[in-house]
Amino acid sequence: MSTTSDKKVVINKRIKGLPREALEKLSQTELIDKIVQLEAYNFQLRNLLQKKLTDKDKDDEEYAALFKKDAEAAGSKEAKVPSRTKQRQFDWSSAHRRHVLLKISYFGWDYQGLACQEDSNDTIGRCSKTTYLPFQIIISRFLAESHLFRALTRTCLIESRSNSNYHRCGRTDKEVSAYCQVISIDLRSKHPLESQLDPAAITSEIDYCGLLNRVLPKNVQCVAWMPLRSPVYSARFDCVSRTYRYYFPKGDLDIVAMQEACNLLVRHADFRNFCKMDVHNGVTNYMRNLQAAKVEACEERLSESGYDMYYLEIQANAFLWHQIRCIMAVLLLVGQRKENPTVVSELLDVQTNPCKPQYTPAIGLPLNLFRCDFRQKTSRMVNHLAADDGDDEAMDTSTAETNESNAPATSEESDLTNWVYNEENLLKLIENTQCEWTQFSVKSTMIRNVLQQLEGILEETYKPKQKVQAQVILLQDSVKPRQYQPLLERKRCESLENRIEHFVKKQRLIVKDETETT
């Protein structure tokens, strides 16, 4: 099966379970049977969840709400204690709102990723708009985005996620961090719409960052906010480039060869051999514009040892799922002199190599979303505000509306303004980050001293021919083979066409003519 230009592959969106029309046709007895079945299923999930909970977890508000009925049924003492006076509901009917960008910084090593998405039947980690199932609560506690929306709701800056006009610049996977994660969202404002861009209104506006940071975890913080002139400006669709950094130790790597390979990456090409193909989610276009890639030292003064730290900085209009991690895996092989830099060009030649060789992506821990660049004027129309933008793809893969990034600037006023910082918030953020740095720097120094002692004993006792340079092994996240097999000689994954055909047979995807409406 081939993907021709007149064909379009889309997700076959099916409702799992019976649709409403079918449920309405069921008899009362059949409906009761279904309710009993669901209650039994929820009971089993509660029992499983309770076994996993610690005493600290049981004090959490979400868990307390989940087990409230169980406590009442058991007649526990906790259930008989008079509850606190309920907080007065916020009156949103008289509230003003403004459309803003928020710059969020977080360290991802304690989280399963950023995104906690709504109304998806496909991924466990996605959260429902209205209710949390037990397994959704478990997952949501480890997603940075769930903390953010809990803080936004708790501070009454939004009524709910569903009507907040929310978009994120990029998704980050498990353990991946972000210094510059940007979201667009409608927040409560002190001022009416017509005066929101006045300098006095911006100065006297709600301290969004300070308010959020008081309830967010210390490793998820709001850095700044920006007033927007357009109500449909999107952090996702109006972002023209994302820049990531991947940090790594020099070890025994040939940095010059890695930079040579980086130069071959900079092009508009099909990167299917440098990613995890996400065909089942409808991603069939693997063309990406990789705008820059370079390897730089983290510090100017280097010790010329394997412990010097470097980073790969890579910039593109959008990225595929695990694209940077796969690129880094290949670059590490080049740096270890197991592959020539030209292997990059060979993998990008999908006519000669249509199937990806089997290799493991580099780990996600050292990856950081470092910078995002936005167009001055949004490419979206006002009717996008209520439109469904479709399901999110695996990372930040949307290119449909970002191809206009090179369009000439118009004389119209920019939709962007300036980032609004607060000195007190910045001081607190620096303080928190310095505490984080102290914790890990102390650990790093202790480990380094142990290594110096062990390396000294090895040198003095056995006088080895060469030093141990194993600093990068952890990054490769794979079993070290006895004999290395070159990438292009390895077994291959399935081709894109075969995967599309597989999911079409499974009725997960539908192939349509471009002329058909979706």
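Because the structure is a prediction, the values reported are computed rather than measured.

The next subject is the overall build of the protein. The number of helices and strands found in the protein is 16 helices and eleven strands. A burial count over the protein gives 43% of its 518 residues as buried. Nonlocal contacts in the protein, meaning residues at least 24 apart in sequence, comprise 81% of its contacts between residues at least 6 apart. With the model as given, the accessible surface of the protein reaches about 30,100 Å², and the carbon-plus-sulfur share is 51%.

Attention now moves to the side chain of glutamate 313. Within the fold, glutamate 313 resides in strand 9 (residues 309–316). For glutamate 313, a relative accessible area of 12% gives the class buried. Here arginine 245 takes part through its side chain, which lies 2.7 Å from a polar atom of the side chain of glutamate 313. Once you skip the residues sitting within four places of it in the chain, glutamate 313 turns out to touch Thr243, Tyr244, Arg245, Ala292, Ala293 and Lys294.

Applying the stated criterion across every chain, the model contains zero disulfides. No disulfide involves cysteine 169; its sulfur sits 3.1 Å from the nearest other cysteine sulfur, which is in cysteine 372. Take cysteine 275: it sits in no disulfide, and the sulfur closest to it among the cysteines is that of cysteine 326, at 6.5 Å. Of the residues examined, cysteine 275 reaches a relative accessible area of 1% and is grouped as buried.

Right, let's get into the nonpolar core. Residues Leu102, Ile185, Phe248 and Phe274 are the most contacted members of the largest nonpolar core, which totals 92 residues. At ten residues, helix 12 (residues 323–335) tops the list of elements feeding residues into this core. Residue contacts for phenylalanine 274: discarding those within four places in its chain leaves Leu265, His322, Gln323, Cys326, Ile327, Val330, Val344, Leu347, Leu348 and Tyr359.

The subject of this paragraph is the confidence of the model for the protein. For the protein, the average pLDDT comes to 84, and 79% of its residues sit at 70 or higher. Every residue in residues 390–395 scores below 50 in pLDDT, and together they form 21 contacts with partners more than four places removed in sequence or on other chains. Residue range residues 397–409 is modelled with pLDDT below 50. Its contacts to residues more than four positions away, or to other chains, number 27 contacts.

Among the eight residues that make up strand 9, seven are buried, leaving the element largely enclosed by the rest of the structure. Note that strand 6 (residues 239–249) and strand 9 share eight bridges and pair antiparallel. Bridge pairing in strand 9 links tyrosine 244 to isoleucine 314. Pairing of strand 8 (residues 287–297) with strand 9, which is carried by seven bridges, proceeds in the antiparallel orientation.

Further remarks concern the packing of helix 11 (residues 255–265) against helix 12. It is the contact of helix 11 with helix 12, at a shortest axis distance of 8 Å, that shows an interaxial angle of 140°. In terms of orientation, helix 11 and helix 12 fall into the oblique class. When you trace helix 11 past helix 12, the crossing you get is right-handed. Of the residues in helix 12, those in contact with Ala257, Met258, Ala261, Cys262 and Leu265 of helix 11 are Ile327, Met328, Leu331, Leu332, Val334 and Gly335. Partitioned by chemical class, the residues of the contact of helix 11 with helix 12 number ten nonpolar, one polar and no charged.

Attention now moves to the layout of surface pockets. In this structure, the second largest pocket occupies an estimated 2,200 Å³ of space. Residue lining of the second largest pocket: 49 residues in total, with Trp109, Tyr247, Met309, Phe440 and Ser444 positioned closest to the centre. Of all the secondary-structure elements, those providing two or more residues to the lining of the second largest pocket are strand 2 (96–106), strand 4 (177–189), strand 5 (220–227), strand 6, strand 10 (367–374), helix 14 (423–462) and helix 15 (473–476). Looking at which element gives the most residues to the lining of the second largest pocket, the answer is helix 14, with 16 residues. Here the lining of the second largest pocket is built from residues that sort into 30 nonpolar, eleven polar and eight charged.

Cut-offs and rules
- Residues numbered from 1 in each chain as written.
- Predicted model: local features only at pLDDT ≥ 70, side-chain atom pairs only at ≥ 80, totals over all residues.
- Heavy atoms only, no water.
- Helix = DSSP H or I, 4+ residues; strand = E, 2+ residues; numbered from the N terminus.
- Buried < 20%, exposed > 50% of the residue type's maximum accessible area, 1.4 Å probe, protein only.
- Contact = heavy atoms within 4.5 Å.
- Areas by Shrake-Rupley, 256 points an atom, 1.4 Å probe, with all protein chains shown as cover.
- Polar contact = N/O pair within 3.5 Å; in protein donor to acceptor, adjacent residues only side chain to side chain.
- Disulfide = S-S within 2.5 Å.
- Core = buried A, V, L, I, M, F, W, Y, C linked by side-chain atoms within 4.5 Å.
- pLDDT = per-residue confidence, 0-100.
- Pairing = 2+ DSSP bridges.
- Axes fitted to C-alpha atoms, helices over the stretch in contact; angles between N-to-C directions.
- Parallel < 35°, antiparallel > 145°, perpendicular 65-115°, else oblique.
- Left-handed = near helix turned anticlockwise from the far one by under 90°.
- Nonpolar A, V, L, I, M, F, W, Y, C, P; charged D, E, K, R; others polar.
- 1 Å grid on protein atoms, 1.4 Å probe; cavity = no way out; pocket = protein on both sides within 12 Å on 5 of 7 lines; lining within 4 Å.
- Points joined across faces, edges and corners; volume = space filled by probe spheres on them.

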